[in-house]
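Listed here are the chains, written in short residue letters.
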Amino acid sequence: MSKVKTPIVILNFKTYLESSGEKALELAKTLESVSYESGITMAVAPQTADIFRINDETNIPILAQHIDPISPGGHTGSNLLECLVEAGINGTLINHSEIQMKLADIDKIIKGSKSRDIFSVVCTNNIESSRAAATLNPEFVAVEPPELIGSGVPVSQAEPEVVEGTVNEVKRINKNIDVLCGAGISTGDDMEAAIELGASGVLLASGIVLAKDPKEALLDLVSKV
Ligand SMILES: O=C(CO)COP(=O)(O)O
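Quick caveat, the model's predicted, so the values are computed rather than measured. (Residues numbered from 1 in each chain as written. Predicted model: local features only at pLDDT ≥ 70, side-chain atom pairs only at ≥ 80, totals over all residues.)

Observations concerning the overall build of the protein chain
Where we set the bar: By the criteria applied, helices consist of DSSP H or I runs no shorter than four residues and strands consist of E runs no shorter than two, each listed in order from the N terminus. Residues with at least 20 other C-beta atoms within 10 Å of their own are called buried, those with 12 or fewer are called exposed, and the rest are partly exposed. The C-beta atoms themselves are positioned from the backbone. Contacts here follow a simple rule: the backbone-placed C-beta atoms of the two residues must lie within 7 Å.
A count of helical and extended segments in the protein chain gives ten helices and eight strands. Principal axes of the C-alpha set define a box for the protein chain whose edges measure 45 × 40 × 30 Å. Among the 225 residues that make up the protein chain, the fraction classed as buried is 46%. The contacts of the protein chain with a sequence gap of at least 6 include a subset with a gap of at least 24, amounting to 65%.

Right under this line is the structure:
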């Protein structure tokens, strides 16, 4: 699989109305243009229903927010890896703290993703779970302390030891795995602090999705990288 260029900004659209449907497409186009202007890799993780159209109308890398550990067949209401790949994903979030998974299922999705040439971003909540995730050999581990998610308090400034400790532990297990951090990230200072702590980028949501002017917020986010 071709390696994604870092530093990287991954915007998780979650289920905010501000990043759903028509607005999801608009936001993806905004990220694409800021990525082009700044030279920083940007990727989006929209809702499943918006993946096909964003893939059709942009060239931005797309991640699924979640994939179910199922095989094709009778699983009503599930997200099937094969179908998401056809819809246009280049990667996937796995085990986000808002939709956590069993270790065996995380392993299954990482292996399935590798075999279909898409990259995995395993989300973790602390240094210990980051260490466990690294042993499964994903392309990225993204550490996000749950209590800071959506808080506006940036993990890279409020809990630098979690970011630095995760980088050290993950790199000790496999130096090829890139570490991202997320939770409360929104400004250029937050991203600069993350990079200084050894992270290869950020995974974020509300700071950009809910910003009055997402383009301006994105430009500020990457202004110090
Ligand atoms: O959960 C997150 C990204 O996956 C972080 O969310 P916030 O950027 O809203 O804190």
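Some thoughts on the site of the ligand
Applicable threshold: Each residue gets a C-beta atom placed from its backbone. If that atom is within 6 Å of a molecule or strand, the residue is near it. Charged residues are taken to be Asp, Glu, Lys and Arg, nonpolar residues to be Ala, Val, Leu, Ile, Met, Phe, Trp, Tyr, Cys and Pro, and polar residues to be all remaining types, Gly included.
Around the ligand sit 14 residues, and of these Asn-12, Gly-150, Leu-204, Ala-205 and Ser-206 come closest. Elements represented by at least two residues in the shell around the ligand include exactly β8 (201-204) and α9 (206-209). For the shell around the ligand, the residue count by class is six nonpolar, seven polar and one charged.

Observations regarding the UniProt feature "binding site: substrate" (unreviewed entry) in the protein chain
Going by this rule: UniProt positions are given in the numbering used here, feature names are shortened, and annotations may be inferred rather than shown by experiment.
According to UniProt, the feature "binding site: substrate" (unreviewed entry) maps to Asn-12, Phe-13, Lys-14, Ile-149, Gly-184, Ala-205 and Ser-206 in the numbering used here. Taken together, the annotated residues stretch across 195 residues yet fold into one region, lying no more than 14.4 Å apart by C-alpha. Within the fold, Asn-12 resides in strand β1 (residues 8-12). Given 27 C-beta atoms within 10 Å, Asn-12 falls into the buried group.

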